[in-house]
Amino acid sequence: MLNTLFSKIFFYSFLAITILSCKDTKKQKEEHKFTNSLITETSPYLLQHAHNPVNWHAWSNTALENAKKEDKLVLVSIGYSSCHWCHVMEKESFEDEEVAKIMNANFVNIKVDREERPDVDQVYMTALQLIKGSGGWPLNVITLPNGKPIYGGTYHSKEEWIKVLEKISTLYKNDPKKANQYADMVSQGIQEANLITPSSGYESLTKKVANESVENWKNVWDTKKGGDQSQEKFMLPSNLNFLLDYAILTGDKEVENHIKNTLNKIAFGGIYDFVGGGFYRYSTDPNWKVPHFEKMLYDNAQLLSVFSKAYGAFKEPIYKEVVYKTIEYLERDMKNPNGGYYAAMDADSEGEEGKYYVWKKEELENTLGEEFAEFKSYFNITSENIWEHKNYVLHRGITDAEFCTKNKMANSKLQESKELWKKLLLTERGKRIPPRLDDKIITSWNALLITGFTDAYNAFGDSSFLDMATKGITNLLNNSLKNNELRHSYKVNSKQVKGFLEDYTFLVDASINLYSATLDTKYLDLANSLNSKAMTSFSDDSSGMYRFNENKDLIAQIIKTNDGVIPSPNAVMAQNLLRLGHLNYDKKFLDKSKSMVSAMVPMITPNASSYARWNSVLLNTTYTYYEIAVVGAKAKPLVKKLHNKYIPNTLLVGSTEDSKLPLFEGRYVPDGTYIYVCRDNSCKLPVETAEAAVKQLNGF
């Protein structure tokens, strides 16, 4: 029975006890029957639970110490504001007075926003994966007073949840020794899961490793519908970026066809919001048709990069359309008026998932009028495509060119119609009650967006995108950099926690990208400064990698190496070291990067889809890596032109003045601008045009 019970495990944790003023308490009692200590938090997710009858606390050492003093189990419930099943469980259980009575009597109850404390999320997620093999949110964990888990699960109905609470409480009271033994075993497993053997050589860093990993990966590709074979499909930008680079570098047509097909299916599918722009989190079916309707900043930020690079490589019009409309969405719906971009938009509105985004046929007819006939054909508005409750999720199956040929119409006419459809439908949608917005400004996610804006600028040359990127990084530095230390998130009057490895590595990456696009050395200085801080504060000598968090106050240290919806911060660290090594001519950085990726080779080959960012670093290391330095008064327009065509494995930088930086030293002349194409400490003769430089790249 114990094994069956424990096999359900899932984990997460956070606390911060606060005291309400008498005035505020009186006011809240007048408006709500219950108010707990979450009322003083700023996280939208925590505030959603501030009037539950459960005596919730935020994650803090104080709460854990109280649990030890009272010898009470700790119940840690983890979620995020746009999580549909988190809302369902709150309504069914956490708002229920019967359930709350059991929880309050037997547990110290902690509610955690996983986006505020991803370190806690990683610790308990690792435990869950060790025990159960999978997980999700809401993540409900019961731990000993010391934080070591003895039970975990995701969503439970009210009846299931009461049974769990009673059984675990009884177990701990009747057999605390057994509970402690099990908790120690799980905690040890978490620690051992982070064991990585440092590499002593670079013999394994070969093209063959990358090739074998892709060949293994091909076996699970969905060659018809795009992505990997699965009943649910996530876009996973790290995978898309790697496959794009691999296709270009190797000339593998099978990979090129797969990445093009995948990007097309995503752009055509319901997972992309045709009306308002931007992408939903994932598809609930294998056709990319019906999404889970929450919109996350990290998805949209990274997909800007993917589609911008793909446009630079293939010049497909749909990729440009997707980028521009996604940026419109971010500027309209996700931007804080004072700068920075919000974390997420909920999937639900008016208690119903997707209600804000889907359409009934009658609504479309009334809104579009005479335009409906053409719209109906474009989006296949037919009875067999009804989703549920007579609603349609807009999606299409062919390109604009194919549609125009089929319907004997000019492409310009179709584009005019599409703009009109979007305008009419967006106006109509604006009359609906919108989903809730999580208005935290998360450093790592905003850093991904800065890179997305920069990549969009590189691909399309639109100066407004570069302006968004530079303003974005200024906002982060103003609000989330304190005494050369990053904070993980920002909101007015919020209790900022120290930044995690992902905050540093993603912002270093963004700074290098901005330096390449603007030629402004302040971004290179920022990259070097933040990278130095990360190396000092997060280094883990035993693994040769970098810890997820700087503090060591959790039950285990996390060394995050695999990708998820965002890339592995260690893989990004390795790539940052490689690029800074080239920029600064720092061999120690280059060697450290090689050592890190070499240690990951045993995981890369059989598990390419989980280690795609490492594979990207492997490509940088094993395939020719070019340095292009543009030096002279006209460097900016030349750099801009060179960026227009996406060329992987290339570090492109420029200077309009005499510079002592290694890539520019001795190369500036006052009466000319020259492009130097180099590889492996060897350079071609300088040329004066972008076309000549590209020709040198192709013939090196």
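The structure displayed is predicted, hence computed values, not measured ones.

## Thoughts on the overall build of the protein
- Helix and strand counts for the protein stand at 27 helices and 25 strands.
- For the protein, the spread of C-alpha atoms along the principal axes amounts to about 80 × 70 × 55 Å.
- Looking at the protein residue by residue over its 700 residues, the buried ones come to 59%.
- A total of about 28500 Å² of accessible surface is found on the protein, and carbon and sulfur atoms cover 49% of it.

## Describing the sheet that holds strand E23 (residues 650–655)
- Overall, mixed pairing links the 4 strands, which are arranged E23-E22-E24-E25 in an open sheet. Only two strands of the sheet have a single neighbouring strand rather than two, namely E23 and strand E25 (682–683).
- In terms of strand pairing, strand E24 (residues 674–679) meets E25 through 2 bridges, oriented antiparallel. Within the sheet, the bridge partner assigned to Arg679 lies in E25 and is Ser682.
- Where helix H26 (residues 635–643) meets the sheet, its contacts fall on strand E22 (626–631), E23 and E24, and the angle it forms with E23 comes to roughly 165°.

## Observations concerning the packing of aromatic side chains
- Enumeration according to the criterion identifies 30 aromatic pairs in this entry.
- Judged by centre distance (5.1 Å) and plane angle (85°), the ring pair of Tyr356 and Tyr357 falls under edge-to-face.
- Take Tyr357: its relative accessible area is 6%, and that puts it in the buried class.
- Each residue in the set Phe274, Phe375, Tyr378, Phe379, Phe403 and Trp421 is aromatic and connected to the rest through ring pairs, giving one cluster.
- A cation over an aromatic ring shows up here: Lys295 above the ring of Tyr329, its NZ or CZ 4.1 Å from the ring centre.
- Sitting over the face of the ring of Trp359, Arg432 holds its NZ or CZ atom 4.1 Å from the ring centroid.

## Brief notes about the environment of Ala693
- On the secondary structure map, Ala693 appears in helix H27 (residues 690–699).
- The class of Ala693 is buried, set by a relative accessible area of 0%.
- Apart from residues no more than four positions distant in its own chain, Ala693 is found in contact with Leu642, Ile675, Val677 and Val687.

## Here's the deal with the state of the cysteines
- Overall, the coordinates contain 2 disulfides when judged by the stated rule.
- Each sulfur of the disulfide joining Cys678 and Cys683 lies 2.0 Å from the other. Here the disulfide of Cys678 and Cys683 is right-handed, its torsion about the S-S bond being about 105°.
- What makes Cys678 buried here is its relative accessible area of 4%.
- For Cys683, a relative accessible area of 39% translates into the label partly exposed.

## Here we look at the pattern of salt bridges
- In the structure shown here, the tally under the stated rule is 47 salt bridges.
- The closest approach of N and O atoms between Lys218 and Glu215, which form a salt bridge, is 2.9 Å. Here Lys218 and its partner Glu215 are both found in helix H10 (residues 207–218), 3 residues apart, which amounts to about one turn of the helix.
- Its relative accessible area of 41% is what places Glu215 among the partly exposed residues.
- The shortest N-O distance in the salt bridge between Arg613 and Asp509 comes to 3.8 Å. Highlighted residues: Arg613 in helix H25 (residues 612–622) and Asp509 in helix H21 (residues 501–518), separated in sequence by 104 residues.
- Classification of Asp509 as buried rests on a relative accessible area of 11%.
- When salt bridges that share partners are traced, they join Glu321, Lys325, Glu328, Arg396, Asp400, Lys418, Glu419 and Lys422 into one network.

## Examining unusual backbone geometry
- At Asn483, a residue that is not glycine, the phi angle is positive and equals roughly 55°.
- Position of Asn483 among the secondary structure elements: in the loop between strand E17 (481–482) and strand E18 (485–486).
- Positive phi, normally seen in glycine, also occurs at Asn649, with a value near 60°.
- With respect to the helices and strands, Asn649 occurs in the loop between H26 and E23.
- Of the residues examined, Asn649 reaches a relative accessible area of 6% and is grouped as buried.

## Here's the deal with the environment of Tyr611
- With respect to the secondary-structure elements, Tyr611 resides in the loop between helix H24 (587–604) and H25.
- Taking the C-alpha atoms as reference, Tyr611 lies 5.3 Å from Asn562; in sequence the two are 49 residues apart.
- Beyond its immediate chain neighbours, meaning those up to four positions away, Tyr611 contacts Thr561, Asn562, Asp563, Met600, Met603 and Ile604.

## Considerations on the environment of Glu352
- Mapped onto the elements, Glu352 comes out in strand E12 (residues 352–353).
- Taking C-alpha positions, Glu352 is 20 Å from Gly278, a pair spaced 74 residues apart along the chain.

## Remarks on the packing of H21 against helix H23 (residues 569–584)
- Two elements in contact, H21 and H23, have axes whose closest approach is 9 Å; the angle formed by their N-to-C orientations is 35°. When the axes of H21 and H23 are compared, the crossing they make is left-handed. For the pair formed by H21 and H23, the contact residues are Leu501, Glu502, Thr505, Phe506, Val508, Asp509, Ile512, Asn513 and Tyr515 on the first element and Pro569, Asn570, Val572, Met573, Asn576, Arg579, Leu580 and Leu583 on the second.
- The class makeup of the residues in the contact of H21 with H23 is 10 nonpolar, 4 polar and 3 charged.

## Points about H21
- Between the first and last C-alpha of H21 there are 26 Å, a value that for 18 residues agrees with the 26 Å anticipated at 1.5 Å per step.
- With respect to burial, H21 is a largely interior element, 18 of its 18 residues being buried.

## Digging into the sheet that holds strand E15 (residues 437–438)
- Overall, antiparallel pairing links the 3 strands, which are arranged E9-E10-E15 in an open sheet. The open sheet terminates on both sides in strands that have one partner only, identified here as strand E9 (295–296) and E15.
- Relative to E15, strand E10 (residues 344–345) is paired through 2 bridges, and the arrangement is antiparallel. When the sheet's bridge partners are listed, Ala344 is paired in E15 with Asp438.

## Points about the side chain of Glu550
- Mapped onto the elements of the fold, Glu550 is located in the loop between strand E21 (545–546) and H23.
- Residue Glu550 is classed as buried on the basis of its relative accessible area, which comes to 19%.
- Discounting chain neighbours no more than four positions away, the residues touching Glu550 are Glu485, Lys498, Lys533, Ser537 and Phe538.

## A few points about helix H12 (residues 253–268)
- The end-to-end C-alpha distance of H12, which contains 16 residues, comes to 22 Å, matching closely the 22 Å that a straight helix rising 1.5 Å per residue would cover.
- Regarding H12, the residues found buried are Val255, Glu256, His258, Ile259, Asn261, Thr262, Leu263, Asn264, Ile266, Ala267 and Phe268.
- Buried positions along H12 lie against H10, helix H11 (237–250), helix H13 (297–314) and helix H14 (317–333).
- Capping the start of H12 is the job of one residue whose side-chain oxygen sits 3.0 Å from the backbone nitrogen of Glu254: Asp252.

Calculation rules
- Numbering of residues starts from 1 in every chain and runs along the sequence as written.
- Owing to the predicted nature of the model, reporting of local features is limited to residues with pLDDT of at least 70; listing and counting of side-chain atom pairs is limited to 80 or more, with chain, interface and lining totals taken over all residues.
- Water and hydrogen atoms were dropped before computing side-chain values, which therefore reflect all heavy atoms in the structure.
- The way it works is that DSSP assigns letters per residue, a run of H or I at least four long becomes a helix, a run of E at least two long becomes a strand, and they are numbered from the N terminus.
- Each residue's exposure class comes from its accessible area (1.4 Å probe, protein chains only) as a fraction of the maximum for that residue type: buried when under 20%, exposed when over 50%, partly exposed otherwise.
- Values of accessible area rely on a 1.4 Å probe in the Shrake-Rupley scheme; residue burial ignores everything except the protein chains shown.
- Pairing between strands is defined by DSSP: at least two bridges between them are needed.
- Working rule for contacts: check all heavy atoms of both residues, and any pair within 4.5 Å makes them a contact.
- With axes taken as lines fitted to C-alpha atoms, and helix axes fitted only over the stretch in contact, angles between N-to-C directions fall between 0 and 180 degrees.
- Two aromatic rings from Phe, Tyr or Trp, using only the six-membered ring of Trp, form a pair when their centres are within 6.5 Å; if the ring planes differ by under 30 degrees the pair is stacked, by over 60 it is edge-to-face, and anything between is tilted.
- Throughout this description, the term charge over a ring refers to an Arg CZ or Lys NZ atom that lies within 6 Å of the ring centre and within 35 degrees of the ring normal.
- We call a pair of cysteine sulfur atoms a disulfide whenever their separation is within 2.5 Å.
- Whenever Lys or Arg places a side-chain nitrogen within 4 Å of a carboxyl oxygen from Asp or Glu, that contact is recorded as a salt bridge.
- Two helices crossing with the near one rotated counterclockwise from the far one by less than a right angle form a left-handed crossing, whereas a clockwise rotation gives a right-handed crossing.
- Each residue gets one label: Ala, Val, Leu, Ile, Met, Phe, Trp, Tyr, Cys and Pro are nonpolar, Asp, Glu, Lys and Arg are charged, and the others, such as Gly, are polar.
- Helix span is expected to be 1.5 Å times the residue number reduced by one.
- Polar contacts here mean pairs of N or O atoms no more than 3.5 Å apart (in protein, one a potential hydrogen donor and the other a potential acceptor; neighbouring residues in sequence count only if both atoms are side-chain atoms).

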